[in-house]
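The primary structure of each chain is shown beneath.
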Amino acid sequence: MILLSATNLTKMYGITPILTGISFHINKGDRIGIVGVNGAGKSTLLNILTGELKHDEGDFFLAADTTIGYLKQKDNFDARGTVYEEMMNIFRPLIDMEAEMEQLSAEIARLTEEQHSHHDDKVNPEIERLLHRFDDMTAEFDRRGGYSYKSEIHGILKSMAFTPDYYDKPVGLLSGGERTRLALAALLLQKPDLLLLDEPTNHLDIGTLKWLEQYLKSYTGTIVLISHDRYFLDQTVNRIFDIELHKLTCYDGNYTQYTEKKKMLAADALKRYEAQQEEIRKQEDIIRKFKERGTEKLAKRAQSREKRLAHMEILDKPQQLNAKLKIRFKENVSSGNDVLYGEDLSKSFRDETGVRHLFSGVNFDIKRGERICMVGPNGVGKTSLLKIILGQLEPDSGYVRIGHNVDFGYYDQEQQLLNNSNTVLDELHNTYRLYTETELRSLLGRFLFRGEDVFKYVGDLSGGEKARLSLLKIMMSGANCLLMDEPTNHLDIASKEVFEDALLEFPGTLFVISHDRYFLNKISTKIVELSDSGLTHYAGGYDYYLEKKESIGSGKSYLNEMAQATTPVPSNSSKEKRAMERQAVKDQQAQRRRLERQMAKAEEDIARLEEEIAELEGQLCLEEIYTDFQKSAEISEKLESSKSELETTYTLWMELQDQLGEM
């Protein structure tokens with residue numbers, strides 16, 4: 001069933017085209033990822049589909065009664081409302097219904113008591129009417145989730161890393177990342193038929209990303225999302241809309257499949273164009289030679305070939321992709337083999353609630369040429385650890401030793417190292433005064449700052465432009481140890497890939513904070529996970545880290561296993577205690593396996609029921625069915641039963657997921 005279709009949509013800003021003549025359709029249940037460089041028109045398209053922006057030409061159709069939910073990059077929360085109030089506002093109709101039911105119940109109780117006080121055993125029509133009304137409302141309240149919406153709120157908030165101490169916090173005091181997570185939580189609670197998400201993964205840590213992926217996989221509606229997170233796209237979408245050079249091309253499959261198909265199509269188009277150009281040159285050479293011969297017969301042949309050439313459908317030259325960054329990180333001098341050593345580092349902060357512990361017992365020993373990527377939940381202190389290494393923060397305990405000839409280059413995800421009052425050109429010139437303006441403009445051109453762009457004020461730049469400027473400054477520094485805090489956050493996919501290739505060629509040392517799992521897989525030689533009790537080290541990329549984490553289980557860590565191998569033999573009492581602890585871990589792991597098996601069974605049932613529902617809905621569209629009242633009624637009854645079973649199975653799946661999350 002087609003949920004939305006568009007034909008020849010065009011949008012201009014003044015005389016500048018953004019989208020020109022794009023057509024597509026979205027089927028019910030589709031999971032679509034929209035990709036393209038920054039400024040390609042991705043958000044513009046979503047704004048057109050929601051009606052927030054008018055298109056200039058073309059049209060689109062949306063199936064009747066379709067509800068739309070839209071996660072924008074900027075939310076519309078009331079800054080004075082608390083986190084919990086904003087969530088409760090979503091269920092305002094249910095809250096009002098609940099209040100009305102309480103009034104009805106009180107009125108029924110009053111009338112019943114009044115009747116008993118008069119010893120009147122007759123049926124009271126008013127009480128009967130109110131009881132019928134109360135029963136109808138109770139059934140409707142239950143059907144709309146009235147008895148479960150509060151647990152849904154708590155579950156979603158917990159999954160989005162909002163603990164109960166956030167509930168009474170005004171939204172205006174939340175960080176940008178926290179507001180993004182809250183907006184996503186609010187949208188998921190509404191469960192619209194068509195879910196539009198603009199960069200939903202921004203500011204989410206890996207744990208929350210994994211939860212969101214699982215949630216979207218089980219979502220019964222249709223999803224259209226914009227994302228630069230390639231791993232997330234691989235996990236969540238089955239179609240890609242690629243917006244490039246104002247046009248939209250549809251591809252079936254996830255992101256990896258799309259890139260393979262796109263490369264093949266581009267290579268094929270170039271091959272066909274070059275073959276045709278070669279044929280044209282060959283024919284033109286033959287025509288020229290025929291004319292040079294001067295005979296009437298050859299002249300006629302030349303004319304015949306010219307006519308055929310004139311009627312040939314000339315292929316357009318495949319347009320080059322948008323300009324790409326040109327990055328090459330090099331070190332002015334090499335560092336010694338020992339680059340960074342940290343021992344027993346700890347850090348706490350004092351805020352309005354008291355002392356907040358970040359981490360303790362952090363140890364590391366980083367050698368030249370290593371590419372270390374650090375992961376961990378938001379708020380655990382990853383950025384603080386980088387600042388301790390740089391000397392911008394003092395640890396509460398422990399120390400950092402910096403090796404011989406180590407020269408740091410620092411990428412700050414908040415871009416606070418840039419001066420907003422400078423122009424782009426001045427920002428570079430103030431740091432690198434030995435370069436001429438011509439040399440600086442040439443370098444800026446490699447980072448896609450061309451023409452008048454170099455005179456833009458830094459404060460007016462987009463997140464992606466600021467990211468490119470920061471990377472250029474680091475590239476020019478010649479540092480041999482790069483410390484980077486979420487460097488891919490504001491880069492489009494094409495820029496990320498160029499950036500990653502440059503890091504792979506960099507001979508120096510990398511220490512990078514990132515939640516970009518595609519980046520983690522491609523770049524890291526080692527992943528370190530920061531928790532409140534220290535760093536855990538994993539060799540390899542993200543997939544190995546994930547595999548190792550899952551094999552360890554929730555009750556142990558890799559470092560604990562290594563430590564136990566060298567622990568002295570304990571006394572009898574210690575042995576008993578250790579045995580009890582091991583048994584507790586085994587019991588917890590067994591319970592986890594049981595829950596995982598139940599979840600797998602629920603997911604199989606969901607897939608089966610969704611296929612069954614789709615098949616039944618298809619049957620109802622057949623003429624021999626909808627013209628036969630008895631058959632139509634039978635199938636409709638089966639359909640309602642399957643939908644009810646699906647809803648129950650989803651509820652079970654969510655409960656199992658909550659139980660696993662609490663372990």
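Relevant structure appears above.
Residues numbered from 1 in each chain as written. Predicted model: local features only at pLDDT ≥ 70, side-chain atom pairs only at ≥ 80, totals over all residues. Heavy atoms only, no water.

## Describing the overall build of the chain
This is how it is decided: Strands are runs of DSSP state E lasting at least two residues, helices are runs of H or I lasting at least four, and both sets are numbered from the N terminus onward. Relative accessible area decides the class of each residue, using a 1.4 Å probe on protein chains only: under 20% of the type maximum gives buried, over 50% gives exposed, and in between gives partly exposed. Throughout, a contact is declared for two residues whenever any of their heavy atoms are within 4.5 Å. Per-residue and other accessible areas were derived by the Shrake-Rupley procedure at a 1.4 Å probe size, with only the shown protein chains allowed to occlude residues.
Helix and strand counts for the chain stand at 21 helices and 18 strands. Every one of the 663 residues in the chain was classed for burial, and the buried ones make up 42%. Of the contacts made within the chain by residues no fewer than 6 positions apart, 70% connect residues no fewer than 24 positions apart. Accessible area for the chain stands at about 35900 Å²; split by element, carbon and sulfur atoms hold 49% of it.

## Side note on the nonpolar core
One recurring pattern in soluble globular proteins is that nonpolar side chains are buried together. The test is simple: To define a nonpolar core, start from buried Ala, Val, Leu, Ile, Met, Phe, Trp, Tyr and Cys residues and group those joined through side-chain atoms within 4.5 Å.
Judged by nonpolar contacts, the single largest core of 56 residues is most densely connected at Leu188 and Leu216. Element by element, the count of residues in this core is highest for helix 6 (residues 176-190), at eight residues. Contacts of Leu188, omitting those with residues within four sequence positions, involve Ile156, Met160, Leu195, Trp211, Leu212, Tyr215 and Leu216. Leu469, Ala502, Leu510 and Phe519 belong to the second largest nonpolar core, which has 46 residues in total.

## Let's talk about the sheet that holds strand 2 (residues 16-27)
The following threshold applies: Only strands that DSSP links by at least two bridges are regarded as paired with each other. Axis definition: a line fitted to C-alpha atoms, over the contacting stretch in the case of helices. Angles run 0 to 180 degrees between N-to-C directions.
Spatial strand order, 2-1-4: three strands in an open sheet with antiparallel pairing. Either end of the sheet is taken by a strand with one partner, and the two such strands are strand 2 and strand 4 (57-62). For this sheet, the mean inter-axis angle between neighbouring strands, taken without regard to orientation, is 15°. Inspection of the sheet shows strand 1 (residues 2-13) paired to strand 2 by eight bridges, in the antiparallel sense. Bridge pairing in strand 2 places Leu4 opposite Ile26. Against the sheet, helix 1 (residues 42-49) engages strand 1, strand 2 and strand 4, with an angle of about 60° to strand 2.

## Remarks on the pairing of strand 3 (residues 31-35)
Burial analysis of strand 3 places five of its five residues in the buried class, the great majority of the element. Alternating residues of strand 3 divide into Arg31, Gly33 and Val35 and Ile32 and Ile34, and every residue in both groups is buried. Looking at chain direction, strand 3 and strand 7 (residues 222-226) are connected through four bridges and run parallel. What sits directly across from Gly33, in strand 7, is Leu225. The sheet contact formed by strand 3 and strand 8 (residues 239-244) spans four bridges and is parallel. In the strand pairing of strand 8, Ile34 is matched with Phe241.

## Points about unusual backbone geometry
Within the chain, Lys191 stands out as a residue other than glycine whose phi angle is a positive 50°. Relative to the assigned elements, Lys191 resides in the loop between helix 6 and strand 6 (194-198). You will see that Glu199, though not glycine, has its phi angle at about 55°, which is positive. Examined against the element boundaries, Glu199 turns out to sit in the loop between strand 6 and helix 7 (206-218). The class of Glu199 is buried, set by a relative accessible area of 9%.

## Considering the pattern of salt bridges
Worth spelling out the cut-off: Here, a salt bridge means any Lys or Arg side-chain nitrogen found within 4 Å of an Asp or Glu carboxyl oxygen.
As enumerated under the stated definition, the model contains 34 salt bridges in all. Note that Arg143 and Glu140 form a salt bridge whose closest N and O atoms lie 2.8 Å from each other. One end of the pair, Arg143, and the other, Glu140, are both in helix 4 (residues 125-143), three residues apart, so they sit about a helical turn from each other. Exposure remark for Arg143: the relative accessible area of 61% places this residue in the exposed category. Glu140 gets classed as partly exposed once you look at its relative accessible area, which sits at 27%. Between Glu140 and Arg144 there is a salt bridge, and its shortest N-O distance comes to 3.9 Å. Each member of the salt-bridge network shares a partner with another, and the members are Arg230, Lys496, Glu500, Asp501, Asp516 and Lys522.

## Focus: the pairing of strand 17 (residues 526-531)
Here strand 12 (residues 371-375) pairs with strand 17 via four bridges, running parallel. Across the sheet, residue Ile372 finds its bridge partner in strand 17, namely Lys526. In terms of strand pairing, strand 17 meets strand 18 (residues 534-539) through six bridges, oriented antiparallel. Paired with Lys526 across the two strands is Ala539, which belongs to strand 18. Count of turn residues in the strand 17/strand 18 antiparallel hairpin: two residues.

## Examining the packing of helix 2 (residues 83-90) against helix 3 (residues 92-117)
Stated precisely, the cut-off is as follows: Here is the rule for angles: anything less than 35 degrees is roughly parallel, anything more than 145 is roughly antiparallel, 65 through 115 is roughly perpendicular, and the remaining ranges are oblique. Residues are sorted three ways: Asp, Glu, Lys and Arg are charged, Ala, Val, Leu, Ile, Met, Phe, Trp, Tyr, Cys and Pro are nonpolar, and all the rest, Gly among them, are polar.
The N-to-C vectors of helix 2 and helix 3 enclose an angle of 80°; their axes lie 5 Å apart at closest approach. With respect to helix 3, the element helix 2 is oriented roughly perpendicular. Contacts between helix 2 and helix 3 involve Met88, Asn89 and Ile90 from the first element and Arg92, Pro93 and Ile95 from the second. Broken down by class, the residue content of the contact of helix 2 with helix 3 amounts to four nonpolar, one polar and one charged.

## Things to note about the sheet that holds strand 6
If you walk across this open sheet you meet the six strands as 5-6-7-3-8-9, and the pairing is mixed. Strands at the two margins of the open sheet, each flanked by one partner only, are strand 5 (68-71) and strand 9 (247-252). Taking each pair of neighbouring strands and ignoring which way they run, the sheet shows an average axis angle of 15°. Strand direction decides the pairing type here: strand 6 and strand 7, joined by five bridges, are parallel. By the bridge assignment for strand 7, Asp198 is matched with Ile226.

## Some words on the environment of Ala185
By secondary structure assignment, the location of Ala185 is in helix 6. Exposure remark for Ala185: the relative accessible area of 0% places this residue in the buried category. Linking Ala185 and Ser159, residues 26 residues apart in sequence, is a C-alpha distance of 8.7 Å. Once residues within four sequence positions are removed from consideration, Ala185 is found in contact with Met87, Ile156 and Met160.

## A short note on helix 14 (residues 463-477)
Basically, it comes down to this: How far a helix is expected to stretch is found by multiplying one less than its residue total by 1.5 Å.
For helix 14, which comprises 15 residues, the first-to-last C-alpha distance of 21 Å matches the rise-based estimate of 21 Å (1.5 Å per residue) to within 8%. Just past helix 14, the residue Gly478 takes up positive phi, approximately 70°.

## Points about the side chain of Glu199
Definition in use: Asp and Glu are treated as the negative residues and Lys and Arg as the positive ones, with His and the ends of the chain left uncounted. N or O atoms within 3.5 Å of each other form a polar contact, as long as, within protein, one can give a hydrogen and the other can take it, and as long as residues adjacent in sequence are counted only when both atoms are side-chain atoms.
Of the side chains bearing the opposite charge, Lys42 lies closest to the buried Glu199, which forms no salt bridge; the N-O distance is 6.0 Å. A polar atom in the side chain of Glu199 sits 3.2 Å from the side chain of His228.

## Quick look at the packing of aromatic side chains
Put simply, the rule is: Between the rings of Phe, Tyr and Trp (Trp by its six-membered ring), a pair exists once the centres lie within 6.5 Å; its type follows the angle of the planes, with under 30 degrees stacked, over 60 edge-to-face, and the other angles tilted.
Within the structure shown, the criterion is met by 19 aromatic pairs. Each ring, one from Tyr255 and one from Tyr518, has its centre 6.3 Å from the other, and the planes form 85°; the classification is edge-to-face. One end of the pair, Tyr255, is in helix 9 (residues 255-293); the other, Tyr518, is in helix 16 (residues 517-523), and 263 residues separate them in sequence. Its relative accessible area of 3% is what places Tyr255 among the buried residues. With centroids separated by 6.2 Å and ring planes inclined at 10°, the aromatic side chains of Phe499 and Phe519 adopt a geometry described as stacked.

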